[in-house]
Amino acid sequence: MTDASSRPPVLVAAAVLVEEGRVLLTQRKRGTHLAGAWEFPGGKVEPGEDPRAALVRELGEEIGMEVSVGDPVEVTFHRYPEKSVLLLFFAVTRAPGSPDPQALDVADVKWAGPGELHDELFPPADVAILSKVRALLAPR
Ligand code: CDP
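The following paragraphs examine the structure supplied in this document. Keep in mind that what you see is a predicted model, and the values were worked out from it rather than measured. (Residues numbered from 1 in each chain as written. Predicted model: local features only at pLDDT ≥ 70, side-chain atom pairs only at ≥ 80, totals over all residues. Heavy atoms only, no water.)

### Brief notes about the overall build of the chain
If you tally the helices and strands in the chain, you get three helices and seven strands. The N-to-C order of helical and strand elements in the chain reads β-β-β-β-α-β-β-β-α-α. Against the globule reference of 14 Å for 140 residues, the chain gives a C-alpha radius of gyration of 15 Å, in line with a compact fold. For the chain, the spread of C-alpha atoms along the three principal axes comes to 50 × 30 × 30 Å. By residue count, 41% of the 140 residues in the chain fall in the buried class. If you take every contact in the chain between residues at least 6 apart in sequence, the share linking residues at least 24 apart comes to 66%. (Helix = DSSP H or I, 4+ residues; strand = E, 2+ residues; numbered from the N terminus. Rg over C-alpha atoms; globule rule 2.2 N^0.38 Å. Buried < 20%, exposed > 50% of the residue type's maximum accessible area, 1.4 Å probe, protein only. Contact = heavy atoms within 4.5 Å.)

### Points about the environment of Ala-13
The residue Ala-13 is located in strand S1 (residues 10-19) in this model. Its relative accessible area of 1% is what places Ala-13 among the buried residues. A sequence separation of 41 residues divides Ala-13 from Ala-54, and the C-alpha atoms of the two residues are 6.9 Å apart. In this view, Ala-13 contacts Pro-41, Gly-42, Gly-43, Val-45, Pro-51, Leu-55, Leu-88 and Phe-90; residues no more than four positions away in its chain are not counted.

These results come straight from atomic positions and should not be treated as a statement about function.
If you want it as structure tokens, here you go:
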């Protein structure tokens, strides 16, 4: 009963934060699962924690931003060899007066346009929402 497939999934909240036609991405630190991958910023929801509150906490810790968490955008499930993750993606906006994102507890941060969202840069669990995000970024 200790193999990954028998454990419940890790619940993760992640942000889709779009400004001026670009979406905010963070790069995973060295020594972490999927190090070097670019992802939608976020992290684990603690036991008993509201997923939206977890996202506010994670964005504060990782990139020093104050945000408001809006509607769910997508839910994805992915089974990695060592664990499975249930990812809740939310639309997020910067709170008035929030600083710009800084790489406080991530390797790097960037604002990416639709042409930069290449599947191979992302953790597999994030790839499922890329087409939706590209559509959000497309000029209307
Ligand atoms: O920061 P914290 O330790 O709370 O969580 P994390 O390590 O960032 O995320 C937990 C798991 O979710 C890791 O295995 C990540 O690879 C995965 N994850 C993901 O697949 N996509 C994201 N956008 C965020 C996390």
